[in-house]
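For reference, the chains in residue letters:
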Amino acid sequence: MKKIILTLLLTFPILATAQTAEEKGLEIVSKAIEADRGFGSSSVDLKMVLKNKNGQLSERTLSNKTLELDEDGDKSMIVFTSPKDIKGTSTLTFTHKQGADDQWLFLPSIKRTKRISSSNKSGPFVGSEFAYEDLSSVELEKNTYKFLKEEGDLLYVEQYPVDPKSGYKKRIAVYNQAKDYRLETIEFYDRKGALLKTLSYTEYNRYKDKFWRASKFEMVNHQSKKETLLFFNNYNFEINLKDEDFTEMALRRAAN
Amino acid sequence: MKSSNFFLAFIFLFSVIVMAQTEKDEVKTTIEWEFNAQYRHFYDAPQFDNQLKDYPSIGIQPTYSFGWENGYQNFIASAYFSIDRDENRRYWDLREFYYQKAQNNWELSVGFKKVFWGVTESNHLVDIINQTDALKSFDGEEKLGQPMVQFSWFSSDWGSLDLFYLPYHRKRGFAGEKGRFRFSTVLEADAIGYESDKEEWHPDFAARWKHYIGVLDIGLSYFSGNGREPYFEFDDRGNIKAFYPLIDQLGLDFQITAGAVLFKFESIFRKAEQQEFFAMDAGLEYTFSNVNNNGLDIGVLVEYLYDERDDWALSGLQNDVFYGSRVAFNDTQDTSILGGGIYDLDTQTHLFTVEASRRLANGLVCSIEGRIFSGVSDQELFLLFFKQDSYFSFTLSKYF
């Protein structure tokens, strides 16, 4: 991974004029990933608001902890805090740059920890308009890329998922080069190539003078007319989590 | 229960002392209540005198949790109260009442706690720490709180090791005179004695090693002490005599998670003076996910169950096949349905099960459960007593 970036950075000045759209796309996404490197660990509380096509609302709250790893994908833990009947239900995920992620689910009522399949990429995450793959960690290797256009500071990049189980034919992601290549919007196209969803990242804050985090994600499904809003609160980049905080033992404890 | 009250007081005192030391820390306190209103209807005429057909019941479970030091220290208390027409189903139990401290790669818990071991769905062989709450549920997944000292240690190279000291044994409860799922004579929990002279105060020990390597999750466990399952004998006149034997049990469980298919295996070897036997549960689960892009997950489950005790297996699962399907709608109401059956290859006894649940409003969940005994064979030693006990239940659960 690092080698690819290094090679890219070294060859970039020489080949700048001869760069293809694919190379430029890859370069932009590499820069976005590089800009977000080094946060170590973080925790955040989320509120998820689900809106059906009649405008009826339902809410879930959860907390998330993430541990950044260089050699492999991130480790993360999600704990649901409401609705109360699922409170304490938690997942532990070890994402991998290549191959399937490892994932465990903890069911608090019977105190059971289950290893679960992570092969369901395209399915909805807890009834929301977010698919599992929309919420997994961003890894360069998961897509191929093609630069589309530049509008002011905004760079449009097409992403083609490598995994055949992905629910998308492509995504069009918009990066803001004036703001450390943070994401502004993503359009998702279904397997038939029709526009499925649009995700907008708004209310950005910058943490530790480096890391941009949107406080609000808005996902609109154009086909079902449903919407999911994600509100992020209490970002903590000083939490200093360790490997021991991402074990089955820690998963059971987190449910308390 | 005098002695357990003493133990309870000790734990309480201990936790108060610990809490007093940490006043300055940021403390997270939560109190939750779960209320269940249940209606069980048994549609077959009762087999024994005084048994009923309809059982409305109420279950209440308050849970108090107190966490500090960013969740590295916790105190949890949870109780369950049950009210039913069957007097033996009027009871309460301390499900959890423990103090826990975690630091780096170890964790210590002291008090009443629930622990689950294993991977399979139809039977839970290796899961032995807690006594089964057979009164609350027939499926063996409900447990009584178990007093323990648990020490856990973790290493990313070696996996986790759990050591348990279990100073007190909890007796299994059985249905009363008016209740279903009972034998011809009413079996009172206190009528079942022990092989050990120390009775419920026999010190029990257990250990479990659990690790994960790529697609493989593996657990190895050992238990020594008062068995959780009573040992049954019938005298010449057909009366049941039962007691808790001293046992040594080795358990092995593993799961291979290969994409959408999960291979599951559990087995135990139990040794007691009265008997030695091997039992296993092996099978697989395949999930068709996001079917037709509707978000629907359909899981298919098949397991084979074997128990060397043959007719004397309390569960009756001595040479049986379990099949089932789990449907999760992945909707905002978390609707799910589990349906299936267990078929006895020797006796042709068939037990069908259906479970479904859906959230109706925030904090309000309804669930339906049905168990149907079909063609219970005369050869069945234990299940024969339950052959008229097919039922459907409807439960409304409110969470505060």
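This is a predicted model, so every value here is computed, not measured. (Residues numbered from 1 in each chain as written. Chains lettered and ligands numbered in written order. Predicted model: local features only at pLDDT ≥ 70, side-chain atom pairs only at ≥ 80, totals over all residues.)

Draft legend 1. Spotlight on the overall build of chain A. Counting secondary structure elements, chain A contains 4 helices and 13 strands. For the C-alpha atoms alone, the extent of chain A along its principal axes is close to 60 × 45 × 35 Å. Expressed as a percentage of its 256 residues, the buried residues of chain A come to 32%. Long-range contacts, defined as pairs at least 24 residues apart, comprise 42% of the intrachain contacts of chain A with a sequence gap of at least 6. (Helix = DSSP H or I, 4+ residues; strand = E, 2+ residues; numbered from the N terminus. Buried ≥ 20, exposed ≤ 12 C-beta atoms within 10 Å, placed from the backbone. Contact = placed C-beta atoms within 7 Å.)

Draft legend 2. Just the overall build of chain B, in detail. Of the regular secondary structure elements, chain B holds 1 helix and 21 strands. Against the globule reference of 21 Å for 400 residues, chain B gives a C-alpha radius of gyration of 22 Å, in line with a compact fold. Along the longest, intermediate and shortest principal axes, the C-alpha atoms of chain B span 65 × 60 × 40 Å. Counting only residues that meet the buried cut, chain B has 36% of its 400 residues in that class. (Rg over C-alpha atoms; globule rule 2.2 N^0.38 Å.)

Draft legend 3. How the structure looks around unusual backbone geometry. All names here are of chain A. Here the bond from S82 into P83 is cis, since omega is 0°, no more than 30 degrees from zero. Residue position: P83 is located in the loop between β3 (75-82) and β4 (90-94). Within the chain, D209 stands out as a residue other than glycine whose phi angle is a positive 60°. On the secondary structure map, D209 appears in the loop between β11 (195-207) and β12 (211-221).

Draft legend 4. The arrangement of the interface of chain B and chain A in detail. With 40 residues of chain B at the contact, the number on the chain A side is 26 residues. Taken together, the elements giving at least two residues each to the side of chain B that touches chain A come down to β2 (54-68), β3 (73-83), β4 (91-103), β6 (146-155), β13 (246-258), β15 (276-291) and β21 (391-399) of chain B. The biggest single contributor to the side of chain B that touches chain A is β15(B), with 3 residues. Residues belonging to the side of chain B that touches chain A are distributed by class as follows: 9 nonpolar, 22 polar and 9 charged. (Nonpolar A, V, L, I, M, F, W, Y, C, P; charged D, E, K, R; others polar.)

Draft legend 5. Representation of the environment of B:P230. Residues and elements named next belong to chain B. Counting through the fold element by element, P230 comes out in the loop between β10 (216-226) and β11 (231-234). A count of 20 C-beta atoms within 10 Å places P230 in the buried class. In this structure P230 touches R172, I192, A242, F243 and Y244, once residues within four positions along its chain are discounted.

Draft legend 6. Summary view of the sheet that holds strand β8 (residues 193-194) of chain B. Residue and element names in this part refer to chain B. A sheet is described by the order of its strands in space; here 3 strands give the open sequence β8-β12-β11, paired in mixed fashion. The open sheet has two edge strands with one neighbour each: β8 and β11. Inspection of the sheet shows β8 paired to strand β12 (residues 240-244) by 2 bridges, in the parallel sense. Bridge assignment links Y194 to a residue of β12, and that residue is Y244. (Pairing = 2+ DSSP bridges.)

Draft legend 7. Representation of the nonpolar core. Counting residues in hydrophobic clusters, the biggest one holds 15 residues, and the most contacted among them are A:M77, A:V79, A:L92, A:A250, A:L251 and A:A254. Counting only elements with at least two residues in this core, the list comes to β3, β5 (102-107) and α4 (248-254) of chain A. (Core = buried A, V, L, I, M, F, W, Y, C linked by C-beta atoms within 7 Å.)

Draft legend 8. Structural context of the pairing of strand β7 (residues 159-166) of chain B. All names here are of chain B. Where β6 lies against β7, 7 bridges are found, and the strand directions are antiparallel. Looking at β7, one finds that S155 is bridged to G159. Hairpin connection between β6 and β7: a loop of 3 residues separates the two successive antiparallel strands. Bridge count between β7 and strand β9 (residues 204-213): 7 bridges; the pairing is antiparallel. Looking across to β9, one finds that L161 is bridged to W209.

Draft legend 9. Quick look at the environment of A:V162. Residues and elements named next belong to chain A. Examined against the element boundaries, V162 turns out to sit in the loop between β8 (154-161) and β9 (168-176). Its 11 C-beta neighbours within 10 Å are what place V162 among the exposed residues. Taking the C-alpha atoms as reference points, V162 and A214, 52 residues apart in sequence, are found 26 Å from one another. Ignoring sequence-local partners within four residues, the contact set of V162 consists of K142, N143 and T144.

Draft legend 10. Expanded view of the confidence of the model for chain B. Residue and element names in this part refer to chain B. Taken as a whole, chain B shows an average pLDDT of 92; of its residues, 94% reach a score of 70 or greater. Of all helices and strands in chain B, the one with the weakest mean pLDDT is helix α1 (residues 2-21) (57), whereas β10 scores best (98). Scored as a whole, the predicted complex attains pTM 0.91, and scored at its interfaces, ipTM 0.92. (pLDDT = per-residue confidence, 0-100.)

Draft legend 11. Region of interest: the pairing of β4(B). Residue and element names in this part refer to chain B. Looking at chain direction, β3 and β4 are connected through 10 bridges and run antiparallel. Looking at the pairing, S78 lines up with E96 of β4. For β4 and strand β5 (residues 106-113), the ladder comprises 7 bridges, and the chain directions are antiparallel. Looking at β5, one finds that Q103 is bridged to W106. Where β4 hands over to β5, the hairpin turn is made up of 2 residues, of which N104 adopts a positive phi near 45°.

Draft legend 12. Focus on helix α2 (residues 21-35) of chain A. Residue and element names in this part refer to chain A. Here α2 spans 21 Å end to end across 15 residues, near enough to the 21 Å set by a 1.5 Å rise per residue. Restricting attention to buried positions, one finds in α2 the residues G25, L26, I28, V29 and A32. Buried residues of α2, seen end-on, are gathered within an arc of 160° and therefore sit on one face of the element. Here the buried face of α2 lies against β7 (143-151), β8 and β9. (Expected span 1.5 Å × (residues − 1). Arc of directions from axis to C-beta.)

Draft legend 13. Representation of the environment of B:F181. Residue and element names in this part refer to chain B. Note that F181 resides in the loop between β7 and β8. Distance from F181 to Q388, taken between C-alpha atoms, is 9.0 Å for residues 207 residues apart in sequence. Contact partners of F181, with chain neighbours within four places excluded, come to F138, A175, F386 and D389.

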